[in-house]
Amino acid sequence: MMRAMVRNEWIKIRRRPAFLVAFFSFVALMCAAYGEPFVRELTARAGRFTLPRAWEGILTDPAPLALLFGASVLILLVTSEFTWRTARQNVIDGMSKEQWFVAKLLLVPVIAILFVAAQAGVGGMLAALATDLRAADAPLIGPHDVHALAGVTLAALGMGALAFLVSFVVRSPGPAIALFFLYIVVIEQLVLVTLLRRWDALAPAVRFLPARVSFTLIESTQYYPEAVARAVQAAEKAGRPGPVFTDTGDLMTAAAVYALVFVALAFLAYRKRDL
Amino acid sequence: MTVIETAGLTKRYGRHLAVDGISFAVDRGQVFGFLGPNGSGKTTTIGMLLGIISPTAGGIRLFGLSGYRGLHQARQRIGATLEAPNFYPYLSGLDNLRIVANVKGVDRKAIDEALEIVRLRDRARDRYQTYSLGMKQRLAIAATILGDPELIILDEPANGLDPEGMREIREIIGSLADRGKTIFLSSHLLWEVERTCSHVAIIQKGRIVRHGTVSEITSGNTTFEVRGGDVDTLLAAASDYPAAVRTTRDGDAVLVELADGDAAGLNAFLAGRGIYLSHLAPRQRSLEDAFMELTREAATQISGGAR
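Residues numbered from 1 in each chain as written. Chains lettered and ligands numbered in written order. Predicted model: local features only at pLDDT ≥ 70, side-chain atom pairs only at ≥ 80, totals over all residues. Heavy atoms only, no water.

A. Fine view of the side chain of A:Ser220. Residue and element names in this part refer to chain A. Structurally, Ser220 is set in the loop between helix H10 (210–217) and helix H11 (225–238). On the basis of relative accessible area, Ser220 is assigned to the buried category, the value being 17%. Not counting chain neighbours up to four residues away, the residues in contact with Ser220 comprise Glu56, Thr60 and Ala227. (Helix = DSSP H or I, 4+ residues; strand = E, 2+ residues; numbered from the N terminus. Buried < 20%, exposed > 50% of the residue type's maximum accessible area, 1.4 Å probe, protein only. Contact = heavy atoms within 4.5 Å.)

B. Spotlight on the nonpolar core. In terms of nonpolar packing, the biggest core is built from 108 residues, with A:Phe164, A:Phe168, B:Ile4, B:Leu62 and B:Phe184 touching the most fellow members. B:Leu35, B:Leu120, B:Met135 and B:Val200 belong to the second-largest nonpolar core, a separate cluster that totals 47 residues. (Core = buried A, V, L, I, M, F, W, Y, C linked by side-chain atoms within 4.5 Å.)

C. The sheet that holds strand S8 (residues 199–204) of chain B, seen in detail. Residues and elements named next belong to chain B. What the six strands build is an open sheet, ordered S5-S6-S7-S3-S8-S9; its pairing is mixed. Looking at which strands have only one partner, the edges of the open sheet turn out to be strand S5 (78–81) and strand S9 (207–213). Within the sheet, the average angular offset between the axes of one strand and its neighbour, ignoring direction, is 10 degrees. Of the strands in this sheet, strand S3 (31–35), strand S6 (151–155) and strand S7 (182–187) are in contact with helix H6 (residues 163–178), which crosses S7 at around 155 degrees. (Pairing = 2+ DSSP bridges. Axes fitted to C-alpha atoms, helices over the stretch in contact; angles between N-to-C directions.)

D. View of the sheet that holds strand S1 (residues 2–13) of chain B. All names here are of chain B. Read across the sheet, three strands follow the order S2-S1-S4 without closing on themselves; strand pairing throughout is antiparallel. Where the open sheet ends on each side, the last strands, each with one partner, are strand S2 (16–27) and strand S4 (57–62). Averaged over all pairs of adjacent strands, the angle between strand axes in this sheet comes to 15 degrees, irrespective of strand direction. Sheet topology places S1 next to S4; five bridges connect them, and they run antiparallel. For Thr6, the partnering residue across the bridge sits in S4 and is Ile60. Sheet strands touched by helix H1 (residues 42–50): S1, S2 and S4. Its angle to S1, the strand with the most contacts, is close to 120 degrees.

E. Broad picture of the pairing of S9(B). Residues and elements named next belong to chain B. When S8 meets S9, the two strands line up antiparallel, connected through six bridges. Bridging from a neighbouring strand, Gln204 pairs with Arg207 of S9. In this antiparallel pair of consecutive strands, S8 and S9, the connection spans two residues, and Lys205 shows a positive phi of 50 degrees.

This is the structure:
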């Protein structure tokens, strides 16, 4: 059944206009984002958009877009199964409810990896084209870059799992996307952060709110010592206290735990309701 | 062999009792009509049979199997569609059937055969969203018969179709029945069911009010259509006839339902009242007549019971 589930998800995704438009729009955005430094590098040869130096910007700067595009696409792919009633039909056709859930769950890592890969792939390819590969004396990708890639992918997985939960609770594309962004922008960033900061004991918890964890995991300061030095320098220059950084390992653990909890909650919501 | 068996099957949504302890059985090879007005609980009952709606109480046995695993196993032997055809609108009919075929573990040959049976081969590569309602219903039937299921469950397959579409669906169902399939057909199109089914169950407000063969349901007191002179006088006189169970006006005629079926006795009685009939003919009781009668009686009993 696993093979059938994968084949079916592939048929559904590759022909879905909404998915294709979203994905290729994202690729176009990435081309536009990296196109300007690429052209500048070709003309000025300043060595700013060459590998491995360019990875920091490639992996972290457009990552919020990858997270949000991926989550929105995931919501579209999951909720439409309820609005078209194909979820119930798939079960009528012979899948168990659990198998259907697993089939949709497969989309979470696939979509997360796809968008992060598109982001890294487009940026990395353009940076490679701008790099004199014969003259390069350092490896084209370093341990910090691998660490950052893992962190960004985990952040995308965490955000995808949140979108997955919202999809199973709301079951309708428009309201689900609205609720997802309402949670990230209003509920978490304004309401929860404001409330938690009122109590000193709870203030540290702000750093571990679900969306905050994902968005912190895509910051370059989590992986690159140069980025940390720049942030400290900027704070000193502005006369602000030095920035506090959360341990990247703790954030990765939190993202993984959130992903598991959201998937479990989605399953409970799914099991409880009829199709 | 009993293919479907329910015992006290119940579904409650909050305070609303959608299905109220229904029990029925469908044997192998039957074409079973499940009749009821809109909102009577037909689709909820089928949803419970198919495992997409959880019963509040009661039991289901399919092919003699019960329990979560047993029913899941039994459902592999069922092809079904519930309410409107449910497909991916942006995919072709063929791709939609590929998805079903992958789930059922059948090959491309089976898809071609199913498309042939429902006469959709020429349009198989067109997007589902470009199909007419009749084509969508036929594609739904193609999906249900993929994998050669032993039991086919169709929920309102002729809904919204024009007479030509209905005829096509009827022919397809007929050909499936000829191949020995057990068919469970839900509909509120009574004359369609009467033409297609061997057995029926009538559901009203979540309760089964009658079930049996079509002939058992439609048999009962014989009704005669009579004409002769003034209709009101005729109606009044016929109502006085001792064996008349029910008399109703039907245009310029009067319908008299007789307990003893003795038309000569009725004729003599009316002649004795000075009414000489110009027309006296038995009228075949249709499934629609039986349905209307049974659901009316059931509604009266249910509302009486509620009071």
